[in-house]
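Listed here are the chains, written in short residue letters.
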Amino acid sequence: MTGENVEIHALERKDLIAGVIAKHKRFIEEYAEEFKELDGKVASLNEQADSAKANKELVIERFDVLKEKRQQLYHQAENLLGDFFSFDVIAADDNKLIHSINDGFVNIKPSTTLADEKQIVDEISGKLSQMSSDKEDAKGLVLQIKARVDEALASSIEFDSITGSDKEYSDSFFKLNSELKEVLPRHGWLKSRIESHSKGLKYWEDTASGKVVTVDEVVEQDKVVEA
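Residues numbered from 1 in each chain as written. Predicted model: local features only at pLDDT ≥ 70, side-chain atom pairs only at ≥ 80, totals over all residues. Heavy atoms only, no water.

Re the packing of helix α2 (residues 92-108) against helix α3 (residues 114-129)
One way to put it is that α2 packs onto α3 with a least axis distance of 10 Å and a crossing angle of 160°. Regarding the angle of α2 to α3, the classification is roughly antiparallel. In the crossing of α2 with α3, the sense of the turn from one axis to the other is left-handed. Contact residues: α2 offers L97, S100, I101, G104, F105, N107 and I108, while α3 offers E117, I120, V121, I124, K127 and L128. Class assignment for the residues of the contact of α2 with α3 results in eight nonpolar, three polar and two charged. (Axes fitted to C-alpha atoms, helices over the stretch in contact; angles between N-to-C directions. Helix = DSSP H or I, 4+ residues; strand = E, 2+ residues; numbered from the N terminus. Parallel < 35°, antiparallel > 145°, perpendicular 65-115°, else oblique. Left-handed = near helix turned anticlockwise from the far one by under 90°. Contact = heavy atoms within 4.5 Å. Nonpolar A, V, L, I, M, F, W, Y, C, P; charged D, E, K, R; others polar.)

Observations regarding the nonpolar core
The tendency in soluble globular proteins is for nonpolar side chains to be buried as a group. Core analysis: the biggest nonpolar cluster contains 25 residues, and Y74, L81, F84, F105, I124, I145 and V149 have the highest contact counts within it. For this core, the elements supplying multiple residues, two or more each, are α1 (2-82), α2, α3 and α4 (136-162). For this core, the element with the highest residue contribution is α4, accounting for seven residues. Look past the residues within four positions of F84 in its chain and what remains in contact with it is I90, I98, M131, A138, L141, V142 and I145. Ranked by size, the runner-up nonpolar core spans 12 residues in total, among them F27, Y31, V42 and L180. (Core = buried A, V, L, I, M, F, W, Y, C linked by side-chain atoms within 4.5 Å. Buried < 20%, exposed > 50% of the residue type's maximum accessible area, 1.4 Å probe, protein only.)

Quick notes on the packing of α3 against α4
Where α3 contacts α4, the axes come no closer than 10 Å and their chain directions differ by 170°. As summarised for this structure, α3 and α4 are arranged roughly antiparallel, according to the angle between their axes. Together, L114, E117, K118, V121, I124, S125, L128 and S129 of α3 and V142, I145, K146, V149, D150, A152, L153, S156, I157 and D160 of α4 make up the contact between the two elements. Here the residues of the contact of α3 with α4 sort into 10 nonpolar, three polar and five charged.

Comments concerning the packing of aromatic side chains
Here the structure, examined in full by the defined rule, presents six aromatic pairs. With 4.8 Å between their ring centres and 45° between their planes, F63 and F159 make a pair best called tilted. Placement of F63 in helix α1 and of F159 in helix α4 is noted, with a sequence separation of 96 residues between them. Taken together through their ring pairs, the aromatic side chains of F27, Y31 and W189 make up a single cluster. (Phe/Tyr/Trp six-rings, centres within 6.5 Å; stacked < 30°, edge-to-face > 60°.)

Functional significance is not addressed by these values, which are geometric in nature.
What follows is the structure, encoded as structure tokens:
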């Protein structure tokens, strides 16, 4: 009779441990599937948010570069225009054109619309083409001034093309962060549960392989990793 009780007790203990192991495996499988999906979503949202933040910073840096570049190029073009006065003789018509072109630079320096800037640049280029001096130095100055004016206008065109994109990236960043805030609590909870059940599974598998514990120990130990 005593032997039968020992055998029954051993079977009950073995069955209980097997049930606990099966429970942990079931929870791990259940949680792992959802966690894998959420983990991918979290990674994607983080990547997109980082990209939006980086792009916003790049756009802001580009704004500063383009503004400085535009200012420097128009300043250089204006200085080159002044070099015409280093010539011994300037035709009266050329002198008049030079002063008119200089007025264009004065008008173009302040903040202006892109359409107005294009018009002023066209006028400057047209007047430069009317310069009558056939000296090579004068022709060289005309080409240099035109090149700088065209490049300055190109900077303004690029600036206009990316205007507003910094806000778009900022809005995208905040939207992505809001989505992250919604999924992160569940993501963290699933991760914690999977870790807890994995520890519990290892413990009971080790127990089943030879560690001696009582039935009460089985119950008490498993409370730590209950779902």
